[in-house]
Amino acid sequence: MKKLPATLITGRSFGQGIAKEYGRFSEKYLYVARSCEMNPRDVENLGVKRGSNVRIRSRFGEIIARVAQPTQDLPQGTIFMPYGQWANVLVGPDTDGTGMPSSKGIPVEVWSSEEESIEEPHVAGPEKMAEPARLKEAKVVGNVVCPFCGCLCDDLEVTIQDGKIANVENACILSLNKFLNYERERIYSPILVENQKPSQIGLEDAVNRAAEILADSKHPVTYGWSTTSNEAIRIGIELTEAMGGVIDNTTTVCHGPTILAEQDVGVSTCTLGHVKHRADLIIYWGCNPLQSHPRHLARYTVASKGRFRQSRSDRTMVVIDVRKTYTARVADYFIQVEPNRDYELLKALRVAVQGEELEQEVVAGVPSETIEELADLMVNCEFGIVFFGVGLTMSAGKLRNIDEAISLVADLNAQTKFTIMPMRGHFNVAGANMVLSWQTGYPYAVDFSQGYPRYNPGDTSVVDILSKGEADAALIIGSDPLATFPGQVAKGLSKIPLVVIDPHRTHTSENASIVIPSAPVGLEADGTAHRMDGVPIMLKKLREPPAGIRPDVEILQMMLNRLRELKGLS
């Protein structure tokens, strides 16, 4: 049987973003999440066809995936698979002292498989307990903020009729699917699981049982926080401090290395408004905003109309990536870097920007002439910005990649005006960092076990704590770590008592001891979030939640009050 050595790239995909809003157990999501994309020649060499299955093995695990029609131009020897429960079986738990597993550039072997499908996860959920309250008349709500990605687009118009969201104007396809489908796979009542048997209980009973689990634990962790409000995060910090645990957010598996780099060397940044009005050179490095942040180009960069840059012809767009993505197809220049070689390319760019000659003919798969042309383009622009994604933070080098990118921008500021900004994913992951920073002094992976906040990613991050088997209970807020953590880490998490607060069923809620449904922020609850550039924005409550469903803020406050009673705290 012929085996193909390859490099696996995992990441969010457009189809996955849409399918997720149909539910993590929907046929749409399962189809997308268990598919892989390959170069057509690799498919031919393996002797497989589109729609057939292949077996993929890394040194950490092995899975079966369906070969899908590629949505991008992948180089030979490179495989793309959506970031999630199946792909993460192939990802190792080692974070190299950063808290971030290496989810890109993974060496794998691929060969054809005769098996028809992967075993479907068993899903057994509670019956629906209550219907949402219904409005008698239709209404249109303007200036609605989208609670999907870090763009936090604030110009949506939502039509509500008969108590349901009927239409959304100005939304991207991901946002539209979130608004129209958020009631799918909804949880309508708290669930207690005892002896592997789920039963429905009241909210107060669920909060009491959850507080008892957390109060009795020796080393609890709380995780998620990127899809809730700043107000809820503030209470979550109090709760974690009261229980003497560790609070971490999804930064640890996306832009944690970015924050470590910024702490090392500082950062030259700006707001998205500055970019819209002034930037004439936009570089997207290791990200694919047309699929992950679909309105980013239209609202803030090349397709936006600003005060000083009013048309596409006023701006130049460069994409640097290991694969030719949708975004790369509309760029003025596309530079394809070899997997795990971004650091070398950044070093070479710094040399070229400083006017030095490159001795190598090719660096990281990029000809020296191309590097020098890009350096000239950067030096001669009036206002440039580098937007970078997890293509830099998840691959080899991690925070050192970001160190070099920030240092490159500092070099450019000696000759022109240049800034840099991470493409933040969840709508309030930036807010999670902000609130933790102003409350504790640290942005993520904060440990209260000694009675005061400690910060040491690589030791105090949830991924590292679970890898070492140190946690004995976990509170998960609006996240699905059993689907997004490396396979070995997820196994450790599934063995300890889990308390989950989430509006929807997830792989994590299916394995939890207690599940408490909540009202999603920006739909059934209001609250504050921070855009990817750090600007705070208020999200609106659009409709009433189902009977008995409370916002995260209220649930967490109830849990905090009960925990204080149990531990005798004032």
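Above this text sits the structure in question.
Residues numbered from 1 in each chain as written. Predicted model: local features only at pLDDT ≥ 70, side-chain atom pairs only at ≥ 80, totals over all residues. Heavy atoms only, no water.

Draft legend 1. View of the pairing of strand β27 (residues 527-530). Judged by which residues are buried, β27 turns out to be covered on both faces: G527 and A529 on one side and T528 and H530 on the other are all buried. Examined bridge by bridge, β27 and strand β28 (residues 536-539) share 4 bridges and lie antiparallel to one another. Paired with G527 across the two strands is L539, which belongs to β28. Where β27 folds back onto β28 in an antiparallel hairpin, the turn is made up of 5 residues, including G534, whose phi is positive at roughly 90 degrees. (Buried < 20%, exposed > 50% of the residue type's maximum accessible area, 1.4 Å probe, protein only. Helix = DSSP H or I, 4+ residues; strand = E, 2+ residues; numbered from the N terminus. Pairing = 2+ DSSP bridges.)

Draft legend 2. Structural view of the sheet that holds strand β2 (residues 35-38). Taken in spatial order, the 6 strands close into a barrel running β1-β5-β2-β4-β3-β6, and their pairing is mixed. Across the sheet, the mean angle from the axis of one strand to that of its neighbour is 45 degrees, orientation sign disregarded. Two elements, strand β3 (residues 53-57) and strand β6 (residues 104-113), share 5 bridges in a ladder whose sense is antiparallel. Within the sheet, the bridge partner assigned to R57 lies in β6 and is E109. (Axes fitted to C-alpha atoms, helices over the stretch in contact; angles between N-to-C directions.)

Draft legend 3. Broad picture of empty space enclosed by the protein. Scanning the entire structure with this criterion turns up 3 cavities of 30 Å³ or more. The volume enclosed by the second largest cavity comes to roughly 70 Å³. Looking at the second largest cavity, the residues that line it are C146, C149, C151, C153, L156, N170, A171, C172, S175, H293, P294 and R295. (1 Å grid on protein atoms, 1.4 Å probe; cavity = no way out; pocket = protein on both sides within 12 Å on 5 of 7 lines; lining within 4 Å. Points joined across faces, edges and corners; volume = space filled by probe spheres on them.)

Draft legend 4. Highlighting the environment of K541. For K541, the location among the structural elements is in the loop between β28 and β29 (550-551). What makes K541 partly exposed here is its relative accessible area of 40%. It is 37 Å that separates the C-alpha atoms of K541 and A328, two residues lying 213 residues apart in sequence. Among all residues touching K541, those that are not within four sequence positions of it are L523, E524, A525 and D526. One polar contact links K541 to E544, side chain to side chain, over a distance of 3.2 Å. (Contact = heavy atoms within 4.5 Å. Polar contact = N/O pair within 3.5 Å; in protein donor to acceptor, adjacent residues only side chain to side chain.)

Draft legend 5. A negative patch on the surface, seen in detail. On the surface, E357, E359, E361, E369, E372, E373 and D376 cluster together to form a negatively charged patch. Along the chain, E372 falls in helix α13 (residues 368-379). Assessed through its relative accessible area of 31%, E372 is described here as partly exposed. (Patch = residues over 30% accessible without salt bridge, like charges linked within 9 Å, V, L, I, M, F, W, Y side chains within 5 Å. Areas by Shrake-Rupley, 256 points an atom, 1.4 Å probe, with all protein chains shown as cover. Salt bridge = Lys/Arg side-chain N within 4 Å of Asp/Glu carboxyl O. Lys, Arg positive; Asp, Glu negative; His and termini not counted. Charge placed at Lys NZ, Arg CZ, Asp CG, Glu CD.)

Draft legend 6. Seen up close, the pattern of salt bridges. With the rule as written, the count across this model stands at 32 salt bridges. Residue E21 pairs with K20 through a salt bridge whose shortest N-O separation is 2.9 Å. Its salt-bridge partner being E338, residue R341 comes within 2.7 Å of it at the nearest N-O pair. Residue classification places E338 among the partly exposed positions, given a relative accessible area of 35%. Within this structure, D154, D155, R295 and R299 form a network of salt bridges that share partners.

Draft legend 7. The packing of helix α12 (residues 342-353) against α13, seen in detail. Running from N to C, α12 and α13 point in directions that differ by 60 degrees, and their axes come no closer than 9 Å. It follows from the interaxial angle that α12 and α13 lie oblique. α12 and α13 meet at a crossing whose hand is right-handed. Together, L345, A348, L349, A352 and V353 of α12 and I371, E372, L374, A375, M378 and V379 of α13 make up the contact between the two elements. Classifying every residue of the contact of α12 with α13 gives 10 nonpolar, no polar and 1 charged. (Parallel < 35°, antiparallel > 145°, perpendicular 65-115°, else oblique. Left-handed = near helix turned anticlockwise from the far one by under 90°. Nonpolar A, V, L, I, M, F, W, Y, C, P; charged D, E, K, R; others polar.)

Draft legend 8. Local environment of helix α6 (residues 230-243). Look at α6: 20 Å from first C-alpha to last across 14 residues, which is about the 20 Å you get at 1.5 Å a residue. With respect to burial, α6 is a largely interior element, 10 of its 14 residues being buried. Those residues of α6 not exposed but buried are N230, A232, I233, I235, G236, I237, L239, T240, A242 and M243. Backbone geometry just downstream of α6 places G244 in the positive-phi region, at approximately 70 degrees. (Expected span 1.5 Å × (residues − 1).)

Draft legend 9. Structural detail: the side chain of T240. Take T240: it is sitting in helix α6. Residue classification places T240 among the buried positions, given a relative accessible area of 0%. Here the side chain of T240 touches T222 through a polar contact of 3.1 Å, side chain to side chain. Filtering out sequence-adjacent residues up to four positions away, T240 remains in contact with T222, G245, V246, I247 and F448.

Draft legend 10. The arrangement of the pairing of strand β10 (residues 191-194) in detail. Where β10 meets strand β25 (residues 514-516), 2 bridges bridge the pair, whose relative direction is antiparallel. Following the sheet pairing, L192 is matched in β25 by I514. In terms of strand pairing, β10 meets strand β11 (residues 197-200) through 4 bridges, oriented antiparallel. Its bridge partner lying in β11, V193 is registered against P198. Hairpin connection, β10 to β11: the antiparallel pair is bridged by 2 residues, and N195 has positive phi, about 55 degrees.

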